[in-house]
Amino acid sequence: MILIADSGGSKTDWALVGTPNDGFNVVLKVRTQGLNPFHQSEDIIFNVLETELKPALKESIRNAELSESFDIIREVTCVAFYGAGCTTALSSKVDKALSKSFPLANVEVQSDLLGAARATCGHHAGIVCILGTGANSCLYNGNDIVENVPPLGYILGDEGSGAVLGKLFLNGIFKGGLSKEIRDSYLAWSGLSYSDIINKVYRQPLANRYLASISQFIHANLEKRELEELVLSNFANFFEKNITRYSDVSIHSLSAVGGIAAVYESQLRKCAKSYGYSVIKVLASPIDGLIAYHR
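Keep in mind that what you see is a predicted model, and the values were worked out from it rather than measured.

So, how was this worked out
Each residue is numbered by its place in its chain's sequence as written, counting from 1. Side-chain atom pairs in this predicted model are given and counted only at pLDDT of 80 or more, local residue features only at pLDDT of at least 70, and totals for whole chains, interfaces and linings cover all residues. Values reported for side chains reflect all heavy atoms of the structure, with hydrogen atoms and water molecules removed beforehand. Helix numbering and strand numbering both begin at the N terminus, where a helix is a DSSP run of H or I of at least 4 residues and a strand a DSSP run of E of at least 2. We compute the radius of gyration over the C-alpha atoms and compare it with the globule rule, which gives 2.2 Å times the number of residues raised to the power 0.38. Per-residue accessibility takes into account occlusion by the displayed protein chains alone, with areas from the Shrake-Rupley method and a 1.4 Å probe. When charges are counted, Lys and Arg contribute as positive and Asp and Glu as negative, whereas His and the chain ends are disregarded. Charge placement uses NZ in Lys and CZ in Arg. For Asp and Glu, CG and CD serve respectively. We call a set of buried residues a nonpolar core when its members are Ala, Val, Leu, Ile, Met, Phe, Trp, Tyr or Cys and they connect through side-chain atoms within 4.5 Å of each other. Throughout, exposure labels follow a simple rule: accessible area from a 1.4 Å probe, protein chains only, divided by the maximum for the residue type, with under 20% read as buried, over 50% as exposed, and the rest as partly exposed. Paired strands are those between which DSSP finds at least two bridges. Each aromatic pair joins two rings of Phe, Tyr and Trp (for Trp, the six-membered one) with centres within 6.5 Å, and gets the label stacked for planes under 30 degrees apart, edge-to-face for over 60, and tilted for any other angle. With axes taken as lines fitted to C-alpha atoms, and helix axes fitted only over the stretch in contact, angles between N-to-C directions fall between 0 and 180 degrees. With respect to orientation, any angle under 35 degrees is reported as roughly parallel, any angle over 145 as roughly antiparallel, any angle of 65 to 115 as roughly perpendicular, and every other angle as oblique. A crossing counts as left-handed when the near helix is turned anticlockwise from the far one by less than a right angle, and as right-handed when that turn is clockwise. Whether two residues are in contact is decided by their heavy atoms, any of which lying within 4.5 Å being enough. As a working rule, the residues Ala, Val, Leu, Ile, Met, Phe, Trp, Tyr, Cys and Pro are called nonpolar, Asp, Glu, Lys and Arg charged, and the rest polar, with Gly in that last group. The span one expects for a helix is its residue count, reduced by one, times 1.5 Å. Note that the bend at a residue is defined as the angle between axes fitted to the seven residues ending at it and the seven residues starting at it.

S.K.: Mind showing me how you'd approach the overall build of the protein chain here?
M.R.: Assigned secondary structure in the protein chain consists of 14 helices and 10 strands. Taking 19 Å as the expected radius of gyration for a compact globule of 295 residues, we find that the protein chain reaches 20 Å, a close match to that expectation. Over its C-alpha atoms, taken along the principal directions, the protein chain stretches across nearly 60 × 45 × 35 Å. For the protein chain, the exposed area adds up to about 13,600 Å²; of that, 51% sits on carbon and sulfur atoms. Between the averaged position of the 27 positive side-chain charges in the protein chain and that of its 30 negative side-chain charges there is a distance of 5 Å.

Below is the structure:
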């Protein structure tokens, strides 16, 4: 069986996949917290695998009524992990943690961007985007990523992402770019004060997840014109500073994965059209596309 993972800034979607040839024609899906070697050590990643992933898989196996003798360690012969932060320099952290947790499996660790490309385009060329907690994009030739405008993270870049959307929102409510009504409504909704927010952003770990979580409030109040304009502005920056930079000007279509792309799909399509692009496919999560690719 093959264990496939797509890991973003906030969550990791896992799929344990069997084929008729294996005698297990099943797909079992579970979810854990996000795993990112940029923010987390090998030990922390290994701990998540042992305390979150394996118990969730075992519960899923019981619910699927597979044989009681089913042994995850023995049955998983391949792990395909696609994750945010899995650069050449950092992916070894994930590789080592997975190899310790699944010692009999062949482990492949790739970037979440290649995972998005394989999930949406398969073996066809195109522009591929990730719009979730973070953001990224690439030009894909059907096999490999041939161009990538560096995302730079939510402090220096990540235009279009949930984290940057949250950053723009907080800037707006406290500097006056957004109305007092929206500011008061958000503070009441979140139960946070100005000092609480500063603490979350500057003194607590994983500020990007907190910033991205503000999207829940924005989406729930999207009928307010100024909030929709904020979403469109975030996407416009993404196109301006990323998509329009690719050298192959003959490509005018793109695919996107991630929660922000899915939740704000209509705004994404509207913004893409204004830049002369069409959106072919939007997936909240690439896991189903990755299952199809690896099968």
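S.K.: What is the right way to read the nonpolar core from this model?
M.R.: Counting residues in hydrophobic clusters, the biggest one holds 42 residues, and the most contacted among them are Phe169, Leu170, Tyr186, Ile218, Phe239, Ile243 and Leu268. Residue contributions to this core peak at 6 residues, all from helix 11 (residues 225–241). In terms of nonpolar packing, the next biggest core, distinct from the first, is built from 27 residues, Leu16, Val30, Leu53 and Val107 among them.

S.K.: Would you mind showing me how to read the pairing of strand 9 (residues 253–257) here?
M.R.: On a regular strand, one side chain projects to one face of the sheet and the next to the other, so that they alternate. A large share of strand 9 lies buried, amounting to 4 of its 5 residues. Here strand 6 (residues 126–131) runs beside strand 9; their pairing, made up of 4 bridges, is parallel. From the neighbouring strand, Val128 faces strand 9, where its bridge partner is Ser255. Taken together, the 5 bridges between strand 9 and strand 10 (residues 278–283) define a ladder with parallel strand orientation. Opposite Val257, over in strand 10, you have Leu283 as the bridge partner.

S.K.: Looking at this model, I keep getting lost on the packing of aromatic side chains. Mind explaining?
M.R.: Within a pair of aromatic rings, the relevant descriptors are the distance that separates the centres and the angle that separates the planes. For the structure on display, the rule yields 10 aromatic pairs. A ring pair is formed by Trp189 and Phe217, whose centres lie 5.4 Å apart and whose planes are at 55°; its orientation type is tilted. One end of the pair, Trp189, is in helix 7 (residues 180–190); the other, Phe217, is in helix 10 (residues 215–220), and 28 residues separate them in sequence. By relative accessible area, Phe217 is classed as buried at 2%.

S.K.: When you look at the sheet that holds strand 6 in this model, what are you seeing that I'm missing?
M.R.: By definition, the strands of a sheet pair up through backbone hydrogen bonds, in either a parallel or an antiparallel sense. Across the sheet, which stays open at both edges, the 5 strands sit in the order 8-7-6-9-10 with mixed pairing between neighbours. Each of the sheet's edge strands pairs with one partner strand only, and the pair in question is strand 8 (145–147) and strand 10. Ignoring strand direction, the axes of neighbouring strands in this sheet form an average angle of 35°.

S.K.: For this particular structure, what's the right way to read the packing of helix 6 (residues 162–175) against helix 11?
M.R.: With their axes 10 Å apart at the nearest point, helix 6 and helix 11 run at an angle of 130° to one another. Taken as axis vectors, helix 6 and helix 11 run oblique relative to one another. Note that helix 6 runs across helix 11; the crossing there is right-handed. Note on element contacts: helix 11 touches helix 6 through Leu227, Leu230, Val231 and Asn234, opposite Val164, Leu165, Leu168 and Phe169. Class assignment of the residues belonging to the contact of helix 6 with helix 11 gives a composition of 7 nonpolar, 1 polar and no charged.

S.K.: Hey, could you run me through helix 1 (residues 42–63) in this one?
M.R.: Along an α-helix, residues three or four apart share an orientation, since each turn contains 3.6 residues. In a regular helix each residue adds 1.5 Å, so 22 residues correspond to 32 Å; helix 1 covers 30 Å between its end C-alpha atoms and thus fits that length. Maximum bend of helix 1: about 30°, positioned at Leu49. Of the positions making up helix 1, those classed as buried are Ile45, Val48, Leu49, Leu53, Lys54, Leu57, Ser60 and Ile61. The inward-facing, buried residues of helix 1 abut strand 1 (2–7), strand 2 (11–17), strand 3 (27–33), helix 2 (72–75) and helix 3 (91–101). Note on helix 1: the residue one or two positions beyond its end, Glu65, has a positive phi of about 60°.

As far as function goes, none of this settles anything; it's purely spatial.
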